[in-house]
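# Observations on the model geometry
Listed below, chain by chain, are the residues.
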Amino acid sequence: MNHFEIREIPGKGRAMIATKNFAANEVIFEEEPFVSSQFSWNTAYGYAACDHCMRPLETLLENVRRLASDPKVEVPLLQHDPTAAWVAQFTQCPRCKVRYCSEDCLMEAQKRYHRVACMGAFRLDDSHPINVLNETWKKMHYPPETGTIMLIVRLMAMYQQSSKKSEFLEQLQSFQALIVNREQKIYHKMLGENFENQMEQLYRAFCHAFAGEEFASFTTPDAFKTLMGIMGTNSQGIATSVLAQWVTKVSDLPLPDADKAQLDTVIDEIYAKVGEFAGEFLNNEGSGLYLLQSKINHSCVPNSCSTFPYSNDIVVLKALTPIQEGDEICISYLDECQLERSRHSRHKVLRENYIFVCQCPKCRAQASDPDETSDEEDDDEMDDYDEDDDMN
Ligand SMILES: [Zn+2]
Ligand SMILES: [Zn+2]
Ligand SMILES: [Zn+2]
């Protein structure tokens, strides 16, 4: 039984409200995604992950050596390699050879989309329309990635394979619809400066890949933009890492102080080595759409957060602070570093990415702050394209 409900709040819209008290750290719910996909460049660069659930498919040693680009790096305490638990179960689609962490994932993928999505021997054929579409996307969306056209490709396969198409469409439509005239910004954010031209190219590649009559309702220009908008505004980033999971595991080991200090040094050295070569790109990264989690509103002082404790795409929503029955449950759509920025900077990110103006307690309290952007923001600043258009 769920201990929250989705309510319509006058003047605010949809909100998730707690129907019991939650203690800090308590799990509010966990949820599998409606759809998820690894990012296109992340796959291309050899980040091996289950094609269904994104669980890492490298052993710890393989992972560290690839990230450091050094086949001689050693890692201690390999008995705590988290992949040891599932490495024996790795499997693959017999036709196209995409890999899965388990028979369960293979069967689930077959059941929901892979029966029609399987490209068989064409998976590595550059001229296959799906690969052309993916390449078109990759050329306009370089790392760090925030989305992938392959998420939409998977949605199309789910639709094609679904025996309950109206139910599928209802679920898809339950993701926040875009507000007319605001959608441009999302495309701009996803596709960069030349977004109108990019959108046109992507649209043509999409129509070519889904030319069948059964996709007709998705291949109009407006329907395609809506799909892009759903991805742009609702998708949750997913990151899985065998290294991060191992670090968490060994950091909790009951070791004598001297051994602990030595282990910390070794972990620092490993991170320095992989950081030198892989930089910030340490994780298997992708994104997913979650039917429930996407209904949670943003707050700059969130009382809950999304976690991925199983090293796959299952999101676990946890209370950050005690939550009382009747309170709204909120998460932050900003990463930690963005949360520390000024109100003006936070609003800029939220406007550009999620198309709303935050009215959380922190933002209301800072409403009279001067409209200054935080200094750290300079690096990822886009142009001042929409400076004066707050929504009220
Ligand atoms: Zn899996
Ligand atoms: Zn296959
Ligand atoms: Zn706020």
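These numbers were taken from a predicted model, which means no experiment stands behind them. (Residues numbered from 1 in each chain as written. Chains lettered and ligands numbered in written order. Predicted model: local features only at pLDDT ≥ 70, side-chain atom pairs only at ≥ 80, totals over all residues. Heavy atoms only, no water.)

### A look at the overall build of the protein
- Helices and strands together make up the secondary structure of the protein, namely 14 helices and twelve strands.
- The buried share among the 392 residues of the protein stands at 48%.
- Sequence-distant contacts in the protein: of pairs separated by 6 or more residues, those separated by 24 or more amount to 71%.
- Of the accessible surface of the protein, which amounts to about 19,600 Å², a share of 50% is contributed by carbon and sulfur atoms. (Helix = DSSP H or I, 4+ residues; strand = E, 2+ residues; numbered from the N terminus. Buried < 20%, exposed > 50% of the residue type's maximum accessible area, 1.4 Å probe, protein only. Contact = heavy atoms within 4.5 Å. Areas by Shrake-Rupley, 256 points an atom, 1.4 Å probe, with all protein chains shown as cover.)

### Quick look at the packing of aromatic side chains
- Under the defined criterion, the tally for this structure stands at eleven aromatic pairs.
- Ring geometry for Trp41 and Tyr142: centres 5.4 Å apart, planes at 25 degrees, overall stacked. Pair noted here: Trp41 is in helix H1 (residues 40-44) and Tyr142 is in the loop between helix H4 (129-140) and helix H5 (149-161), with a separation of 101 residues, a long-range link.
- Look at Trp41 and you get buried, because its relative accessible area is 16%.
- An aromatic cluster of three or more residues is present, and its members are Phe34, Tyr159, Phe168, Phe175 and Phe218.
- The positively charged end of Arg66 is found above the aromatic ring belonging to Tyr47, 4.2 Å away from the centroid.
- One residue, Lys165, lies across the ring of Tyr159, its end atom 5.3 Å from the ring centre. (Phe/Tyr/Trp six-rings, centres within 6.5 Å; stacked < 30°, edge-to-face > 60°. Lys NZ or Arg CZ within 6 Å of the ring centre and 35° of its normal.)

### So, the pattern of salt bridges
- Counting across every chain of the model gives eight salt bridges.
- Linking Arg66 and Glu58 is a salt bridge whose minimum nitrogen-to-oxygen distance equals 2.5 Å.
- On the basis of relative accessible area, Arg66 is assigned to the partly exposed category, the value being 23%.
- Judged by relative accessible area, which is 8%, Glu58 ranks as buried.
- Across the pair Arg204 and Glu200 runs a salt bridge whose closest N-O atoms are separated by 3.5 Å. One end of the pair is Arg204 and the other is Glu200, both in helix H8 (residues 195-209) and four residues apart, which spans about a single turn. (Salt bridge = Lys/Arg side-chain N within 4 Å of Asp/Glu carboxyl O.)

### Some points on the nonpolar core
- Leu133, Leu155, Leu191, Leu202, Phe210 and Met228 are the most contacted members of the largest nonpolar core, which has 53 residues in total.
- Of all the elements in the fold, those that place two or more residues in this core are helix H3 (103-117), H4, H5, helix H6 (165-173), helix H7 (183-191), H8 and helix H9 (221-234).
- No other element matches H5, which puts nine residues into this core.
- If you look at the next biggest cluster of nonpolar residues, it comprises 20 residues, including Leu60, Ala68, Leu243 and Val250. (Core = buried A, V, L, I, M, F, W, Y, C linked by side-chain atoms within 4.5 Å.)

### What about the confidence of the model for the protein?
- Residue-level pLDDT values for the protein average 87, and 88% of them are 70 or greater.
- Mean pLDDT per element in the protein: helix H12 (residues 336-339) is the minimum at 58, and strand S4 (residues 35-38) is the maximum at 98.
- Every residue in residues 377-392 is under pLDDT 50, and counting partners more than four places away or in other chains gives 33 contacts. (pLDDT = per-residue confidence, 0-100.)

### What about the coordination of the zinc ion (ligand 2)?
- Coordination sphere of the zinc ion (ligand 2), protein contribution only: Cys93 (SG), Cys96 (SG), His114 (NE2) and Cys118 (SG), at 2.1 to 2.3 Å.
- Considering all four donor atoms around the zinc ion (ligand 2), angles at the metal cover 102 to 112 degrees and the coordination shape is tetrahedral.
- Read from N- to C-terminus, the donor residues coordinating the zinc ion (ligand 2) fall into the pattern C-x2-C-x17-H-x3-C.
- Here His114 falls in the buried class, since its relative accessible area comes to 4%. (Donors = N, O, S within 2.8 Å, 3.2 Å for Na, K, Ca; no water. Tetrahedral: all angles 85-135°; square planar, octahedral: opposite > 155°, others 65-115°.)

### Regarding the pairing of S4
- Neither face of S4 is left uncovered, since the one carrying Val35 and Ser37 and the one carrying Ser36 and Gln38 both have all their residues buried.
- Where S4 lies against strand S8 (residues 284-289), four bridges are found, and the strand directions are antiparallel. Paired with Val35 across the strands is Leu289, a residue of S8. (Pairing = 2+ DSSP bridges.)

### What to know about the coordination of the zinc ion (ligand 1)
- The zinc ion (ligand 1) binds to the protein through Cys50 (SG), Cys53 (SG), Cys101 (SG) and Cys105 (SG); the donor distances cover 2.3 Å.
- With four donor atoms in place around the zinc ion (ligand 1) and angles of 104 to 117 degrees between them, the coordination shape is tetrahedral.
- Each donor residue of the zinc ion (ligand 1) belongs to the same chain, and together they define the spacing C-x2-C-x47-C-x3-C. As far as the burial class goes, Cys101 and Cys105 line up, both buried.

### A few points about the sheet that holds strand S7 (residues 236-240)
- As summarised here, the arrangement of the three strands in space is S4-S8-S7, forming an open sheet in which the pairing is antiparallel. Taken across any chain shown, the strands that pair with only one partner, and hence form the sheet edges, are S4 and S7. Recorded for the sheet is a direction-independent mean angle of 30 degrees between the axes of neighbouring strands.
- Taken together, the five bridges between S7 and S8 define a ladder with antiparallel strand orientation. For Ile238, the partnering residue across the bridge sits in S8 and is Gly286.
- Taken strand by strand, H5 contacts S4 and S8, and its axis lies near 140 degrees from that of S4. (Axes fitted to C-alpha atoms, helices over the stretch in contact; angles between N-to-C directions.)

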